[in-house]
Amino acid sequence: MEHDELFSDILLRRQGNSKASASIASASIAGAQRAPAAAPINPAATLAAAIAHRRAPAFPYTAAGGQGAAATYWVWFRGALAMRLRSGAASTGANVQDVLREPTAVGIIRICAEAFKRPLSEEEMSHLDKAPVSAAWLREVLA
């Protein structure tokens, strides 16, 4: 089963929230496979839809090196994003540095869906919207 790095839908479902996304229910069917993403996508529209469907992250963005719950939360997000980008690149034989060609949230959404064939979850997209995505930030994430 695939899920976002924060396991938000799983947590909501365990808490009895019936509004967890339908993707969890369909992904839990034994043997279910995620269909490959249709290319090309409209990453800006995909990001807008994700923001509309998801709540803002639990904490405001905190840069690396900060302290407290917000810093810990975002350290985990950056680490999970780096892992997601590396595994996506490895699965297609691409170079993870390709994300630096379009160092924006929309660019990351596009490369994950089109080049890596592994679209980001709405949760990941809503987090990217709150992060200061830039070439320097991506280099730090991937370091």
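Data block above holds the structure.
Since the structure is predicted, the reported quantities are computational estimates derived from the model, not experimental observations.

What counts and what doesn't
Residues numbered from 1 in each chain as written. Predicted model: local features only at pLDDT ≥ 70, side-chain atom pairs only at ≥ 80, totals over all residues. Heavy atoms only, no water. Helix = DSSP H or I, 4+ residues; strand = E, 2+ residues; numbered from the N terminus. Buried < 20%, exposed > 50% of the residue type's maximum accessible area, 1.4 Å probe, protein only. Contact = heavy atoms within 4.5 Å. Salt bridge = Lys/Arg side-chain N within 4 Å of Asp/Glu carboxyl O. Axes fitted to C-alpha atoms, helices over the stretch in contact; angles between N-to-C directions. Left-handed = near helix turned anticlockwise from the far one by under 90°. Nonpolar A, V, L, I, M, F, W, Y, C, P; charged D, E, K, R; others polar. Phe/Tyr/Trp six-rings, centres within 6.5 Å; stacked < 30°, edge-to-face > 60°. Polar contact = N/O pair within 3.5 Å; in protein donor to acceptor, adjacent residues only side chain to side chain. Expected span 1.5 Å × (residues − 1). Lys, Arg positive; Asp, Glu negative; His and termini not counted. Parallel < 35°, antiparallel > 145°, perpendicular 65-115°, else oblique.

Draft legend 1. Up close: the overall build of the chain. Looking only at helices and strands, one finds seven helices and zero strands in the chain. Seen in sequence order, the chain has helices and strands lined up from the N terminus as α-α-α-α-α-α-α. A burial count over the chain gives 36% of its 143 residues as buried. Long-range pairs, those at least 24 residues apart, make up 66% of the contacts in the chain between residues at least 6 apart in sequence.

Draft legend 2. View of the pattern of salt bridges. Taken as a whole and judged by the stated rule, the model has four salt bridges. Residue Lys130 is joined to Asp129 by a salt bridge in which the shortest nitrogen-to-oxygen separation is 3.8 Å. For Lys130, a relative accessible area of 44% puts it in the partly exposed group.

Draft legend 3. Local environment of the packing of helix α4 (residues 69-92) against helix α6 (residues 122-130). Remark: α4 packs on α6, axes separated minimally by 12 Å, with the N-to-C direction vectors making an angle of 120°. Helix-helix and strand crossings are classified by hand; for α4 and α6 the assignment is left-handed. Between α4 and α6, the contacting residues are Tyr73, Trp74, Phe77, Leu81 and Arg84 on the first element and Glu124, His127, Leu128 and Lys130 on the second. Of the residues in the contact of α4 with α6, the class split is five nonpolar, one polar and three charged.

Draft legend 4. Focus on the packing of aromatic side chains. Inspection of the entire model under this criterion finds five aromatic pairs. Judged by centre distance (4.9 Å) and plane angle (65°), the ring pair of Tyr61 and Trp74 falls under edge-to-face. Of this pair, Tyr61 sits in the loop between α3 (43-53) and α4 while Trp74 sits in helix α4, placing them 13 residues apart in sequence. Ring centres 5.7 Å apart and planes at 75° place the aromatic pair Tyr73 and Trp74 in the edge-to-face group. Through pairs of rings, three or more aromatic residues link up here, namely Phe59, Tyr61, Tyr73, Trp74, Phe77 and Trp137.

Draft legend 5. Seen up close, the side chain of His127. Here His127 shows up in helix α6. On the basis of relative accessible area, His127 is assigned to the buried category, the value being 0%. Among the polar contacts made by the side chain of His127, one reaches the side chain of Tyr73 at a distance of 2.6 Å.

Draft legend 6. Geometry of α4. Helix length check: α4 (24 residues) gives 35 Å between terminal C-alpha atoms against 34 Å at 1.5 Å per residue, within 8%. By the burial criterion, the buried members of α4 are Ala70, Ala71, Tyr73, Trp74, Phe77, Arg78, Leu81, Ala82, Arg84, Leu85, Gly88 and Ala89. Taken together, the buried residues of α4 touch α5 (105-115), α6 and α7 (135-142).

Draft legend 7. Inspection of α5 at higher detail. Of all the residues in α5, the buried ones are Ala105, Gly107, Ile108, Ile109, Ile111, Cys112 and Ala113. One or two steps after α5, the chain reaches Lys117, where phi turns positive at roughly 60°.

Draft legend 8. Spatial organisation of the side chain of Arg78. With respect to the element layout, Arg78 can be found in helix α4. Of the side chains bearing the opposite charge, Glu140 lies closest to the buried Arg78, which forms no salt bridge; the N-O distance is 4.8 Å.

Draft legend 9. Structural view of the packing of α4 against α7. Axis separation between α4 and α7 bottoms out at 8 Å; the angle between their running directions is 85°. Between α4 and α7, the angle falls in the class roughly perpendicular. Within the contact between the two elements, α4 uses Phe77, Arg78, Leu81, Ala82, Leu85 and Arg86 and α7 uses Trp137, Leu138, Val141 and Leu142.

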